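# Structure assessment
Each chain, written out:
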Amino acid sequence: MQRAEKVIISTAVTGSVNVPSQSDYLPLSAEQVVQASLEAAAAGSAIIHLHARHPDGRPAFEASIFEEIIPAILSDVDVVINMSTGGSSQMTIEERLAGAVRFSPELASLNMGSMNFVYSGIADRVTTWKHDWEKPYVLGTYSHPFINSFDKIEYVLRELGQKGGTRFEFECYDIGHLYSLAYFVEQGLVKPPFMIQGVFGILGGIGADHANLTHMVAIADKLFGDDYQFSAFAAGRDQMQFATHSAWLGGHVRVGLEDSLWIGKGKLAESNAQQVQKIRGVVEDLGREIATPDDARRMLGLKGLAGVTL
Ligand code: KMH
Ligand code: ZN
C-alpha cells in the first residue's frame with residue numbers, strides 16, 4: 001500500500017441499499033443529493049460517490065437524473081465525482097453504466113465479483129413503510145445475487161477506463177476479489193496507482209471483523225506492493241471503526257448514508273456532512289491531514305475535471 005500522508009475522505013451520499021422508511025435524512029431527490037454532496041465536500045470530503053434515485057427513493061440509472069445532479073455539484077464546488085457502476089442488483093449492466101458513459105467521470109466504482117448481496121434484514125427492522133416498492137425490493141435481495149462476472153468487469157474496464165480515461169474505486173468484498181483484481185492487472189487492463197476499497201459487513205461478503213481488514217491489506221501488499229492506495233468501510237454500525245482502522249494503517253476512508261444511517265449508537269445521522277465531520281476529527285487526531293480534491297487526483301492519477309463530459 002502507498003501509505004499516503006493525507007487521507008482522502010470519500011462520501012457515499014445515498015446508494016441503493018437503504019430505503020426511505022429507515023431514515024428521514026436519506027437524500028432521495030436530485031436536489032437533496034446535490035445538497036448532501038455540497039455539504040459533504042464543504043466538510044472535507046474530496047470524493048463524492050453517487051447513485052441516482054427517483055424522487056420516491058427507488059434506485060434509478062437514467063442519465064437524465066445524473067444530469068440534474070452532477071453539473072449542479074460541479075458548478076458549486078471542486079470535488080471528485082465517483083459514479084457507481086454497481087447501481088443495484090436488479091439493473092442490467094447497460095443500465096448500471098448509463099450515467100457513467102454519459103459523464104465519463106474521473107472515478108467510478110467497480111465491484112470485483114458476483115456475490116450474494118443480502119439486505120432483506122431491513123424488512124425486519126422497518127415497522128412503517130413509506131412506499132410500496134421498498135419491502136419487495138429489500139426482500140428480493142435474498143434470492144437475487146449481484147452479478148459482475150469477469151466479462152462484465154472487463155466490459156466496464158474497457159468502456160469507461162480504456163475509452164474514457166475513468167479510473168476506478170475497486171470494491172473488494174472478500175479476499176478473493178483481490179485475486180480477481182490481480183488477474184485484470186496482469187491482463188494490462190488495470191494500471192497503478194489504483195484504489196482498493198475494502199468493503200466489510202455486507203451479508204454475502206466478508207464480515208466486519210478487524211482481523212479481516214488486516215488480512216486484506218496483507219494480501220493486497222503481497223499482490224500489489226506499493227501500486228495501490230487503500231480505503232475501507234464497513235456497512236452499518238461498524239462504519240466509523242473500520243474507517244478509523246484504515247486511516248490508522250495509512251489508508252483512506254469512506255463514510256456516507258449509503259453505508260450507514262448512523263452517527264452513534266441508536267442515533268441517526270442527520271446528514272452526510274455529520275459523518276464527514278466525525279471521521280475528519282478522528283483522522284486529524286491520528287495526526288494525519290485531510291486530502292483536497294487535487295491531492296486525491298494526484299494520489300490516484302485521475303484525469304482531472306477537464307476530462308469529465310459535462
Ligand atoms: N453499497 C455499497 C456496499 C457500488 O456502488 O458500486 C457498495 C457500493 C457499490 O458502493
Ligand atoms: Zn455505491
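Please refer to the structure higher up on the page.
Let me sum up the structure you'll find in this document. (Residues numbered from 1 in each chain as written. Chains lettered and ligands numbered in written order. Predicted model: local features only at pLDDT ≥ 70, side-chain atom pairs only at ≥ 80, totals over all residues. Heavy atoms only, no water.)

## Considering the site of ligand 1
Rules: Being near a molecule or strand, for a residue, comes down to having at least one heavy atom within 4 Å of it. Each polar contact in these results corresponds to two N or O atoms within 3.5 Å; when the atoms are within protein, one needs to be able to donate a hydrogen and the other to accept it, and residues that are neighboring in sequence are counted only if both atoms are side-chain atoms. Using a 1.4 Å probe, the Shrake-Rupley method yields the accessible areas, and only the shown protein chains count as cover for residues.
As a structural note, the neighbourhood of ligand 1 is formed by 14 residues, with His51, Ser84, Ser109, Tyr173 and Glu258 the closest of them. The separation between an oxygen atom of ligand 1 and a polar side-chain atom of serine 109 is 2.7 Å. About the coverage of ligand 1: the protein hides 96% of its 310 Å² of free accessible area.

## Considering the pairing of strand E6 (residues 80-83)
Selection rule: With a 1.4 Å probe rolled over the protein chains alone, any residue whose accessible area is under 20% of its type maximum counts as buried; one over 50% counts as exposed, and the rest are partly exposed. A run of H or I in DSSP becomes a helix once it reaches four residues, and a run of E becomes a strand once it reaches two; helices and strands are each numbered from the N terminus. Strands are treated as partners if at least two bridges between them are detected by DSSP.
Because side chains alternate across E6, one face comprises the buried residues Val80 and Asn82, and the other comprises Ile81 and Met83, equally buried. Sheet analysis places strand E3 (residues 47-50) next to E6, joined by 4 bridges and oriented parallel. Each bridged residue has a counterpart across the sheet, and for isoleucine 47 the counterpart in E6 is valine 80.

## Let's talk about the sheet that holds E3
The criterion, for reference: The axes are straight lines fitted to the C-alpha atoms, using for helices just the contacting stretch, and the angles between their N-to-C directions are given from 0 to 180°. Note on definitions: a residue-residue contact is assigned when non-hydrogen atoms from the two residues lie within 4.5 Å.
Ordered by their spatial adjacency, 8 strands build a closed barrel running E2-E3-E6-E7-E8-E9-E10-E11, and the pairing between neighbours is parallel. On average, each strand axis in the sheet is tilted by 25° relative to the strand beside it, whichever way the strands run. Bridge count for strand E8 (residues 167-172) against strand E9 (residues 194-200) is 4 bridges, and the pairing is parallel. Residue pairing for E9: glutamate 171 is matched across the bridge by glutamine 197. The strands touched by helix H10 (residues 272-285) within the sheet are strand E2 (9-12) and strand E11 (252-255), with E2 carrying the most contacts at an inclination of about 155°.

## Quick look at the side chain of threonine 85
Turning to its location among the elements, threonine 85 is positioned in the loop between E6 and helix H3 (93-103). Classification of threonine 85 as buried rests on a relative accessible area of 0%. There is a polar contact of 2.5 Å between the side chain of threonine 85 and the backbone oxygen of serine 109. What threonine 85 contacts, discounting residues up to four positions off in sequence, is Arg96, Leu97, Ala108, Ser109, Leu110, Val156 and Leu160.

## Overview of the packing of aromatic side chains
Threshold: Paired rings are identified among Phe, Tyr and Trp, the last through its six-membered ring, by centres lying within 6.5 Å, and are further divided according to the angle between planes into stacked (under 30 degrees), edge-to-face (over 60) and tilted (the rest).
Taken as a whole, this structure holds 13 aromatic pairs when the rule is applied. Aromatic side chains tyrosine 119 and tyrosine 137 sit 6.1 Å apart centroid to centroid with 55° between the ring planes, which places their arrangement in the tilted category. Here tyrosine 119, found in the loop between strand E7 (107-111) and helix H4 (122-125), pairs with tyrosine 137, found in helix H5 (residues 134-140); they are 18 residues apart in sequence, far enough to count as distant. Here tyrosine 119 and tyrosine 137 have matching classes, each one buried. Where tyrosine 183 meets phenylalanine 184, the ring centres are 5.0 Å apart and the plane angle is 85°; that geometry is what we call edge-to-face. Phenylalanine 184 sits in the buried class, given a relative accessible area of 1%.

## Concerning the layout of surface pockets
Operational definition: A cavity, in this analysis, means grid points on a 1 Å lattice covering only the protein atoms where a 1.4 Å probe fits yet has no way out; a pocket is instead an open set bounded by protein on both sides within 12 Å along at least five of seven lines, and a residue lines either one if it has an atom within 4 Å of a point. Grid points are joined across faces, edges and corners, and a volume is the space filled by probe spheres set on the points. Think of it as three bins: nonpolar holds Ala, Val, Leu, Ile, Met, Phe, Trp, Tyr, Cys and Pro, charged holds Asp, Glu, Lys and Arg, and polar takes everything else, Gly as well.
Taken as a whole, the second largest pocket encloses approximately 240 Å³ of empty space. Around the second largest pocket, the lining is made up of 18 residues, and of these Thr166, Arg167, Leu189, Val190 and Lys191 lie nearest the centre. Elements with a minimum of two residues in the lining of the second largest pocket: helix H6 (150-164), E8 and E9. Of the residues assigned to the lining of the second largest pocket, the class counts are 11 nonpolar, 5 polar and 2 charged.

## Re the environment of threonine 309
Tracing the sequence through the fold places threonine 309 in the segment after helix H11 (293-300). A relative accessible area of 39% means that threonine 309 is categorised as partly exposed. Counting along the chain gives 35 residues from threonine 309 to glutamine 274, while the straight-line C-alpha distance between them is 30 Å. Contact partners of threonine 309, with chain neighbours within four places excluded, come to Arg102, Phe103 and Ser104.

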